[in-house]
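Inside the fold
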Amino acid sequence: MDRSQIEAIHESAAGQRLAQRQPLPGSVYEIVTDMLMTHAFEPGARLNIEELARTLGVSPTPVREALARVEADGLIVKQPGRSYTVAPLMGVEQVRELIELRLLVEPTLAAKAAAQAEPNEIKELRRAARAGGAGAEVTAAGNRLDMLYDATFHAMVADLADNQMISDMLTRLRSHLHTFRLYYYRAGLGPVTKNEHLAVVEAIAKHDPDGAEEAMRAHLVSALERLETFVDGGSANAEARQIPKFTAGGVKA
């Protein structure tokens, strides 16, 4: 870990909270996730528990717990022994394929949720949709909040459909989008997600399976169109078009 990474950790909002001794595993989790969102830890970089613990001034236990959470998000990979490496960064084509895969599954889940959701479950889903993540804030912490907001909403819809296997699969698939989020939100395209989520909620609240299926499909198609616009032209910027692609082994393609 170099000096710039150490300085970034201590200067981050999560690092400041950690210095005030707020809940340790959560703060360490936020720090590592923020660093991954900004690519301060590059794909393939090694994360060592003891080194991170020394840098953060905490014991290895909260670091170990935090890295287990980050691994569950699919952002790092556990290696033999006691270290982790940063997961390969997905290329644009892979992100397109992921959204296309979600289009095959999530509209059906939304329809099933509309058919069986209870009033208290709909209330919680609406509350989650209205939360709206970080809004217009374009920072590492803001990107993490938007990431968590989007992941939470889609996970709740999947849970309402009562299919744990698909829910677990989608959790893993969405995690791979997280490192791409930084580029996505820099294009200023993220805030529309909230209204699209709310459209899904209203269809579920009406117990309208067809409406919920169509609202979810429209949301994912819109996300795919925004990705295409961002990368291929329109509001896309040069930085987005230079996103590196990595093979499964983490080597630039």
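What you see is a predicted model; the values in this text were computed from it and never measured.

Calculation criteria
- Residues numbered from 1 in each chain as written.
- Predicted model: local features only at pLDDT ≥ 70, side-chain atom pairs only at ≥ 80, totals over all residues.
- Heavy atoms only, no water.
- Pairing = 2+ DSSP bridges.
- Helix = DSSP H or I, 4+ residues; strand = E, 2+ residues; numbered from the N terminus.
- Axes fitted to C-alpha atoms, helices over the stretch in contact; angles between N-to-C directions.
- Contact = heavy atoms within 4.5 Å.
- pLDDT = per-residue confidence, 0-100.
- Buried < 20%, exposed > 50% of the residue type's maximum accessible area, 1.4 Å probe, protein only.
- Arc of directions from axis to C-beta.
- Polar contact = N/O pair within 3.5 Å; in protein donor to acceptor, adjacent residues only side chain to side chain.
- Parallel < 35°, antiparallel > 145°, perpendicular 65-115°, else oblique.
- Left-handed = near helix turned anticlockwise from the far one by under 90°.
- Nonpolar A, V, L, I, M, F, W, Y, C, P; charged D, E, K, R; others polar.
- Core = buried A, V, L, I, M, F, W, Y, C linked by side-chain atoms within 4.5 Å.

Take the sheet that holds strand S2 (residues 76-78) next. Whenever strands of a sheet pair, they do so through backbone hydrogen bonds, lying parallel or antiparallel. Across the sheet, 3 strands lie side by side as S1-S3-S2; this open sheet has antiparallel pairing. On the outer flanks of this sheet lie strand S1 (46-48) and S2, each paired with one strand and no other. Across the sheet, the mean angle separating the axes of adjacent strands is 30° when strand polarity is ignored. In this sheet, strand S3 (residues 83-86) lies alongside S1 in antiparallel orientation, the contact comprising 3 bridges. Within S3, the position partnered with Asn48 by the bridge is Ser83. Helix-sheet contacts for helix H4 (residues 49-56) involve S1 and S3, and the interaxial angle to S1 is about 65°. Here helix H5 (residues 60-72) sits on the sheet in contact with S2 and S3, set at roughly 115° to S2.

Quick look at the confidence of the model for the chain now. The predicted coordinates should not be examined in detail at positions where pLDDT is low. For the chain, the mean per-residue pLDDT works out to 78, and 70% of the residues sit at or above 70. This stretch, residues 234-253, has a pLDDT under 50; its non-local contacts, to residues over four places away or in other chains, come to 38 contacts.

Time to look at H4. Of the positions making up H4, those classed as buried are Ile49, Leu52, Ala53, Thr55 and Leu56. Seen from one end, H4 has its buried residues packed into an arc of 165°, which puts them on one side. Where H4 begins, the capping side chain belongs to Asn48, and its oxygen is found 3.0 Å from the backbone nitrogen of Glu50. Looking one or two residues beyond H4, the residue adopting positive phi is Gly57, at roughly 70°.

What follows deals with unusual backbone geometry. The phi angle at Asp162 is positive, at roughly 60°, despite the residue not being glycine. Among the secondary structure elements, Asp162 is positioned in the loop between helix H8 (140-160) and helix H9 (164-175). The phi dihedral of His207 falls on the positive side, at around 55°, and the residue is not glycine. Note that His207 resides in the loop between helix H11 (192-205) and helix H12 (209-232).

Contact geometry for H4 and H5: axes closest at 9 Å, N-to-C directions at 120°. The orientation of H4 relative to H5 falls into the category oblique. The handedness of the crossing between H4 and H5 is right-handed. Contact residues: H4 offers Ile49, Leu52, Ala53 and Leu56, while H5 offers Pro60, Val63, Arg64 and Leu67. Across the contact of H4 with H5, the residue classes tally to 7 nonpolar, no polar and 1 charged.

Below, the discussion takes up the nonpolar core. Within the largest apolar cluster, 21 residues are counted, with the highest numbers of intra-cluster contacts made by Val32, Leu36, Leu47, Val63, Leu67, Val70 and Ile76. Those elements giving two or more residues to this core turn out to be helix H3 (24-37), H4, H5 and S3. In terms of residue count, the dominant contributor to this core is H3 (6 residues). For Val70, the residues in contact, after removing those within four places along its chain, are Tyr29, Val32, Thr33, Leu36, Leu75 and Ile76. Ranked by size, the runner-up nonpolar core spans 19 residues in total, among them Ala113, Phe153, Ile204 and Met216.

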